[in-house]
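The residues making up each chain are set out below.
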Amino acid sequence: MTLMKAVRIHSYGGPDVLVHEDVQKPEPAQGELLVAVHAAGVNPFDWKVRTGSVKGVRRLPLIPGWDVAGTVESVGAEVSRFKPGDAVFGLLSVVKDGAYAEYAVAKAKNMAFKPRSIDFVHTAALPVSALAAWQSLFDLADLSSGQTVLIHGASGGVGHYAVQLAKWKGARVIGTTSGGGIDFVRDLGADEVIDFRNVRFDDRVRDADVVLDLIGGETQKRSWQVLRKGGILVSSVEITSPDTDARYDVRQKLLMVHPSADELTRIAALIDEGKLRPVVSRVFSLADARKAHEFIQSTDMQGKAVLKIRD
Ligand SMILES: NC(=O)c1ccc[n+]([C@@H]2O[C@H](COP(=O)([O-])OP(=O)(O)OC[C@H]3O[C@@H](n4cnc5c(N)ncnc54)[C@H](OP(=O)(O)O)[C@@H]3O)[C@@H](O)[C@H]2O)c1
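Conventions we followed
Residues numbered from 1 in each chain as written. Predicted model: local features only at pLDDT ≥ 70, side-chain atom pairs only at ≥ 80, totals over all residues. Heavy atoms only, no water. Helix = DSSP H or I, 4+ residues; strand = E, 2+ residues; numbered from the N terminus. Rg over C-alpha atoms; globule rule 2.2 N^0.38 Å. Buried < 20%, exposed > 50% of the residue type's maximum accessible area, 1.4 Å probe, protein only. Contact = heavy atoms within 4.5 Å. Areas by Shrake-Rupley, 256 points an atom, 1.4 Å probe, with all protein chains shown as cover. Lys, Arg positive; Asp, Glu negative; His and termini not counted. Charge placed at Lys NZ, Arg CZ, Asp CG, Glu CD. Axes fitted to C-alpha atoms, helices over the stretch in contact; angles between N-to-C directions. Parallel < 35°, antiparallel > 145°, perpendicular 65-115°, else oblique. Near = heavy atom within 4 Å. Polar contact = N/O pair within 3.5 Å; in protein donor to acceptor, adjacent residues only side chain to side chain. Nonpolar A, V, L, I, M, F, W, Y, C, P; charged D, E, K, R; others polar. Domains from an automatic or database assignment. Phe/Tyr/Trp six-rings, centres within 6.5 Å; stacked < 30°, edge-to-face > 60°. Lys NZ or Arg CZ within 6 Å of the ring centre and 35° of its normal. Core = buried A, V, L, I, M, F, W, Y, C linked by side-chain atoms within 4.5 Å.

**Considerations on the overall build of the chain**
- Counting secondary structure elements, the chain contains 10 helices and 15 strands.
- What you see for the chain is a C-alpha radius of gyration of 19 Å, in line with the 19 Å of a compact globule of 311 residues.
- Expressed as lengths along the three principal axes of its C-alpha atoms, the size of the chain is roughly 60 × 40 × 35 Å.
- By residue count, 56% of the 311 residues in the chain fall in the buried class.
- Relative to all contacts within the chain whose residues are 6 or more apart in sequence, the contacts with residues 24 or more apart total 64%.
- As displayed, the chain offers around 13300 Å² of accessible surface, 48% of which is attributable to carbon and sulfur atoms.
- Taking the average location of the 39 positive side-chain charges in the chain and that of its 38 negative ones, the two points are 1 Å from each other.

**What to know about the packing of helix H3 (residues 127–140) against helix H9 (residues 261–272)**
- Remark: H3 packs on H9, axes separated minimally by 10 Å, with the N-to-C direction vectors making an angle of 100°. In terms of their interaxial angle, H3 and H9 are classed as roughly perpendicular. Here Pro127, Ala130, Leu131, Trp134, Gln135 and Asp139 of H3 come into contact with H9, specifically with Glu263, Leu264, Arg266, Ile267 and Leu270.

**What about the site of the ligand?**
- In the vicinity of the ligand lie 22 residues, with Lys48, Ser178, Ser236, Val257 and Asp300 positioned nearest.
- Residue Ser155 places a side-chain N or O atom 3.0 Å away from an oxygen atom belonging to the ligand.
- At 2.8 Å, a backbone N or O of Val257 approaches an oxygen atom of the ligand.
- Taken by itself the ligand offers 920 Å² of open surface, and the protein chains cover 81% of this.
- Of all the elements in the fold, those that place two or more residues in the shell around the ligand are helix H1 (44–50) and helix H4 (157–169).
- A per-class count over the shell around the ligand returns 10 nonpolar, 9 polar and 3 charged.
- Counting residues domain by domain, the shell around the ligand receives three or more from each of domain 1 (3–126 + 278–308) and domain 2 (129–254).

**A look at the packing of aromatic side chains**
- Per the counting criterion, the structure on display carries 6 aromatic pairs.
- Plain terms: the ring middles of Phe45 and Trp66 are 5.5 Å apart, the flat faces sit at 75° to each other, and that makes the pair edge-to-face. Of this pair, Phe45 sits in helix H1 while Trp66 sits in the loop between H1 and strand S4 (67–75); the two residues are 21 residues apart in sequence, bridging distant segments of the chain.
- Here Phe45 falls in the partly exposed class, since its relative accessible area comes to 30%.
- Relative accessible area serves as the criterion here: at 3%, Trp66 is assigned to the buried category.
- Ring geometry for Phe82 against Phe113: centres 4.8 Å apart, planes inclined by 50°, an arrangement best described as tilted. In this pair, Phe82 is assigned in the loop between S4 and strand S5 (87–91) and Phe113 in strand S7 (residues 111–113), connecting sequence segments 31 residues apart.
- When its relative accessible area of 41% is taken as the criterion, Phe113 is described as partly exposed.
- The structure contains a cluster of three or more aromatic residues connected by ring pairs, namely Trp134, Phe138 and Trp168.
- Stacked on the ring of Phe120, the Lys or Arg Lys114 has its end atom at 5.2 Å from the ring centre.

**What about the nonpolar core?**
- Core analysis: the biggest nonpolar cluster contains 97 residues, and Tyr100, Leu137, Val149, Ile151 and Leu307 have the highest contact counts within it.
- In this structure, this core is formed jointly by two domains, domain 1 (3–126 + 278–308) and domain 2 (129–254), each of which donates at least three residues.

As structure tokens, then:
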């Protein structure tokens, strides 16, 4: 049995349930790649799984972290698009182990070639957050040039991509954030930034075409009235009141992000063209995964946190 280092959870709870240990190195099956992990993105989904609150992902022990960037170590049967040594990135399947490990198995059809102009750490900051922003704005809301979009949580992992992608599309962007996020979101190109701790966004915004809600709860409840008639709210978190669309004459959709090699390839191209940039605010080692979880659960973090696993 060949061993590798990984971080696993054996029980649900706080960051201390993340255990750095030796586990069996996986093998790629048909249609899969074995990826030598250079970096793994750290996401709110990871800590939600860690606490046991994601109903669809409750199995133990489990390696968290489904954003991967690395090099192809070997390929399973019927894989022709990739070969050993290729630099790749993508979103792993949540029904399998994740990327807080030296090696991870990925479905070849979900993987894309790494952008040439950024390193593995920045590449690992892309998959779920950039796909969530892309799929919310373009696949679900059909955002077009000249429209106005209000982005709640604009300084976070998903929000900082959404601000840039919406500007690239030619939309007018209003972002809500606080603290250090205010200058950050302005620097990303937002036309207006609202400090949600001091200003009620529903006093400031009217007739938005799209609301991207990355927060839920009270923030969502106050968002219906800022949409124009026929406008759309896309939430990555929840739909709090299913009958609201009829009352306000607006539409609502819940994001369920899905892997897409095609969309990752378009995102990689935008990065290499200098039109989109991932922001990584902290890098941790694999052994420090606990600290990474503590960090992303604290406030005033901009952009992403990433585990760097090898050079
Ligand atoms: N459904 C899906 O497929 C899907 C996909 C991706 C993500 N998600 C979910 O979407 C949510 C956002 O993900 P993320 O990765 O962007 O999280 P994140 O990196 O933690 O970012 C959230 C941001 O929201 C800000 N914030 C907190 N309260 C706010 C408020 N009331 N108004 C405006 N901004 C506020 C925080 O800034 P402060 O520093 O000011 O607190 C933080 O920067 C998470 O719940 C995640 O699990 C769902």
